[in-house]
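Descriptive analysis of the structure
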2 protein chains.
Amino acid sequence: MSYLKEKILKDGVVLDGNVLKVDSFLNHQIDPVVLKEISNEFIEYFKDKEITKVMTIEASGIAPAILVASHLNIPMLFAKKTEPSTLSNEDQFSTNVHSYTKNKTSRVLVSKQYLTPDDKVLIIDDFLANGEAALGLIDLVEQAKAEVVGVGICVEKSFQPGRAKIEDKGVDIFSICRIASLENNKITFVEDEH
Amino acid sequence: MSYLKEKILKDGVVLDGNVLKVDSFLNHQIDPVVLKEISNEFIEYFKDKEITKVMTIEASGIAPAILVASHLNIPMLFAKKTEPSTLSNEDQFSTNVHSYTKNKTSRVLVSKQYLTPDDKVLIIDDFLANGEAALGLIDLVEQAKAEVVGVGICVEKSFQPGRAKIEDKGVDIFSICRIASLENNKITFVEDEH
């Protein structure tokens with residue numbers, strides 16, 4: 001069993017509404033051992049892709065994404081949820097991302113300068129549920145006419161439709177940890193992993 | 001000359017209003033070589049402190065903070081600008097941080113669970129100008145009765161009052177790159193570094 005799974009079983013907390021709280025080690029406080037294992041798993045799975053850039057969305061995706069990018073010695077790019085004063089409208093690719101948790105649609109953006117048609121982009125995020133963030137990132141890469149070589153997810157809620165939406169786009173998706181159910185406050189994983 | 005300084009001179013862009021745009025390598029797209037050098041400088045400068053936790057604020061501080069924490073094999077904690085659904089009010093330390101750039105005051109918060117009186121905290125951020133973010137983080141650490149062992153900054157605007165405010169609190173501050181002036185679109189560094 002992967003260390004991330006062990007950690008989820010040990011320290012993850014299931015809250016009402018199918019919410020898995022992992023803020024002691026993944027998306028608020030970050031455990032360096034968990035993060036290193038996550039990064040190693042992504043690097044191993046995507047090792048045959050000629051990745052030129054790792055991409056994520058602020059804020060919780062940044063830690064795993066930068067570790068992977070550092071290891072591969074390539075740049076990391078994170079999509080922003082607020083408009084920087086240093087970036088004018090015509091210099092951005094932007095898309096709308098709906099958060100079901102927050103019941104809010106936000107515009108996310110990247111500078112056109114940092115995504116080019118030559119880029120082969122690995123998208124990394126901490127969670128996948130409805131797939132909105134990952135689809136938004138894929139949309140940004142497609143606007144730049146760059147290529148998405150894959151999507152790497154730390155924790156996938158496999159009982160929600162995110163994975164299917166990404167597979168429908170023909171994109172390779174790899175999740176370190178796939179959760180089949182959080183019902184009755186019990187965490188069960190998908191047997192047939194990845 | 002440090003690689004970060006070289007990179008700032010080569011790829012930094014000075015915009016009106018004393019704004020230094022470094023989003024090609026530091027706070028939107030992140031250059032892995034720059035980031036590694038930054039992380040090494042922080043680790044070297046603070047090597048005699050018994051750091052138990054690295055802390056920053058989302059989003060641009062996360063990349064340098066997680067690299068330092070990973071290297072030291074200790075947890076990283078980032079203060080959040082939006083309230084997570086998984087964290088109730090009584091479980092938070094919170095403080096207000098004013099952004100002069102955005103002319104907006106935001107509440108930032110951390111879970112009480114992840115800052116304890118035993119913690120010796122190294123605060124890391126990408127920029128220091130008026131010092132509001134760093135002072136907010138110091139306030140959160142003090143609320144937890146933990147100790148701030150230092151503040152590490154990638155780029156300090158030394159013509160703004162942030163450093164003085166932090167020094168007034170008796171906190172050790174180390175900035176990799178200190179900018180004396182951005183006037184007339186010219187970048188000049190503080191001669192007597194750190």
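Each chain has its residues counted from 1, following the order in which its sequence is written. All chains are assigned letters beginning with A, and all ligands numbers beginning with 1, in the order in which they are written. Totals for whole chains, interfaces and linings use all residues, but because this is a predicted model, local features are given only for residues with pLDDT of at least 70 and pairs of side-chain atoms are given and counted only at 80 or more. The basis for every side-chain value is the complete set of heavy atoms in the structure, and neither hydrogens nor water enter the calculation.

For chain A, an unreviewed UniProt entry supplies the name Xanthine phosphoribosyltransferase and the organism Atopostipes suicloacalis DSM 15692. Among the UniProt annotations of chain A, the heading Subunit (unreviewed entry) holds the following wording: "Homodimer." UniProt positions are given in the numbering used here, feature names are shortened, and annotations may be inferred rather than shown by experiment. Under the UniProt heading Catalytic activity (unreviewed entry), the note attached to chain A is "XMP + diphosphate = xanthine + 5-phospho-alpha-D-ribose 1-diphosphate".

**Looking at the sheet that holds strand E5 (residues 76-79) of chain B**
Pairing between strands requires that DSSP locate at least two bridges from one strand to the other. Labels follow the DSSP assignment, with helices taken as runs of H or I lasting at least four residues and strands as runs of E lasting at least two, numbered in each case from the N terminus. Across the sheet, 7 strands lie side by side as E3(A)-E5(B)-E4(B)-E8(B)-E9(B)-E10(B)-E11(B); this open sheet has mixed pairing. At either end of the open sheet lies a strand with only one pairing partner, and these are strand E3 (29-30) of chain A together with strand E11 (188-189) of chain B. Of the pairings in the sheet, the one linking strand E10 (residues 173-181) of chain B to E11(B) comprises 2 bridges and is antiparallel in character. Within the sheet, the bridge partner assigned to Ile179(B) lies in E11(B) and is Phe189(B).

**Digging into the interface of chain A and chain B**
The contact criterion used is simple: two residues touch if any of their non-hydrogen atoms lie within 4.5 Å. Facing 39 residues of chain A, the contacting portion of chain B comprises 39 residues. For the chain A and chain B pair, buried surface summed over both sides reaches about 3200 Å², with 61% attributable to carbon and sulfur atoms. By definition here, a salt bridge exists when the distance from a side-chain nitrogen of Lys or Arg to a carboxyl oxygen of Asp or Glu is within 4 Å. Counting across the chain A and chain B interface gives 0 salt bridges. Identification of polar contacts relies on pairs of N or O atoms within 3.5 Å, with a donor-acceptor requirement for protein atoms, meaning one able to donate a hydrogen and the other able to accept it, and with residues adjacent in sequence counted only if both atoms are side-chain atoms. Applying the counting criterion to the chain A and chain B interface returns 16 residue pairs in polar contact (both at pLDDT 80 or more). Elements with a minimum of two residues in the side of chain A that touches chain B: strand E2 (19-21), E3, helix H2 (32-45), helix H3 (62-72), strand E5 (76-79) and strand E7 (104-111) of chain A. Ranked by the residues each element gives to the side of chain A that touches chain B, the list is headed by H3(A), at 6 residues. When the residues that make up the side of chain A that touches chain B are grouped by side-chain class, the tally is 21 nonpolar, 12 polar and 6 charged. As defined by bridge partners, E3(A) adjoins E5(B) across 2 bridges and the pair is classed as antiparallel. Two parts placed together each lose some accessible area under a 1.4 Å probe, and the buried area is that loss summed for both. Charged residues are taken to be Asp, Glu, Lys and Arg, nonpolar residues to be Ala, Val, Leu, Ile, Met, Phe, Trp, Tyr, Cys and Pro, and polar residues to be all remaining types, Gly included.

**Re helix H3 (residues 62-72) of chain B**
All names here are of chain B. Throughout this description, buried means an accessible area under 20% of the type-specific maximum (1.4 Å probe, protein chains only), exposed means over 50%, and partly exposed covers the range between. Judged by how many residues are buried, H3 sits mostly within the fold: 8 of 11 residues are covered. Residues of H3 that are buried include every one of Ile62, Ala63, Pro64, Ala65, Ile66, Leu67, Val68 and Ala69, and no others. Looking one or two residues past H3, Asn73 carries a phi angle of roughly 60°, positive in sign.

**Points about the nonpolar core**
Within the largest apolar cluster, 78 residues are counted, with the highest numbers of intra-cluster contacts made by Leu4(A), Ile8(A), Leu4(B) and Ile8(B). For Ile8(B), the residues in contact, after removing those within four places along its chain, are Leu20(B), Val22(B), Phe25(B), Val155(B), Cys177(B), Ile187(B) and Phe189(B). To qualify as a nonpolar core, a set must consist of buried Ala, Val, Leu, Ile, Met, Phe, Trp, Tyr and Cys residues joined through side-chain atoms within 4.5 Å.

**Some remarks on the pairing of strand E6 (residues 92-99) of chain B**
Residue and element names in this part refer to chain B. Bridge count for E6 against strand E7 (residues 104-111) is 8 bridges, and the pairing is antiparallel. Bridging across to E7, Val97 finds its partner in Ser106. Joining the antiparallel neighbours E6 and E7 is a turn of 4 residues, in which Asn103 adopts a positive phi near 50°.

**A short note on the packing of aromatic side chains**
Within 6.5 Å between ring centres, the rings of Phe, Tyr and Trp (the latter by its six-membered ring) count as paired, and their orientation is classed by plane angle as stacked under 30 degrees, edge-to-face over 60, tilted in between. In total, this model carries 8 aromatic pairs over all chains according to the counting rule given. Here Tyr45(A) and Phe174(A) contribute two aromatic rings whose centre-to-centre distance is 4.3 Å and whose plane-to-plane angle is 10°, an arrangement assigned as stacked. Separated by 129 residues along the polypeptide, Tyr45(A) in helix H2 and Phe174(A) in strand E10 (residues 173-181) bring together distant segments of the chain. Assessed through its relative accessible area of 4%, Phe174(A) is described here as buried. A ring pair is formed by Tyr45(B) and Phe46(B), whose centres lie 4.8 Å apart and whose planes are at 80°; its orientation type is edge-to-face. Placement of a positive charge over a ring is assigned whenever Lys NZ or Arg CZ falls within 6 Å of the ring centre and within 35 degrees of the normal to the ring plane. Above the ring of Phe189(A), the side-chain terminus of Lys5(A) is found at 5.1 Å from the ring centroid.

**Digging into the state of the cysteines**
Residues and elements named next belong to chain A. Count a disulfide wherever a pair of cysteine sulfur atoms falls within 2.5 Å. Applying the stated criterion to the full structure yields 0 disulfides over all chains. Considering cysteine sulfurs only, Cys177 is the nearest to Cys154, which forms no disulfide, with 9.4 Å between them. The class of Cys154 is buried, set by a relative accessible area of 0%.

**As for the UniProt feature "binding site: xanthine" (unreviewed entry) in chain A**
Following the UniProt record, the feature "binding site: xanthine" (unreviewed entry) maps to Leu20(A), Asn27(A) and Lys157(A) here. By the secondary structure assignment, Asn27(A) is in the loop between E2 and E3. Ignoring any residue separated from it by four or fewer positions in sequence, one finds Asn27(A) in contact with Val22(A), Ser60(A), Asp126(A), Phe127(A), Phe78(B) and Lys80(B). By secondary structure assignment, the location of Lys157(A) is in strand E9 (residues 147-157). In this structure Lys157(A) comes out as buried when scored by relative accessible area, which is 12%. A distance of 2.8 Å separates a polar side-chain atom of Lys157(A) from the backbone oxygen of Asn18(A).

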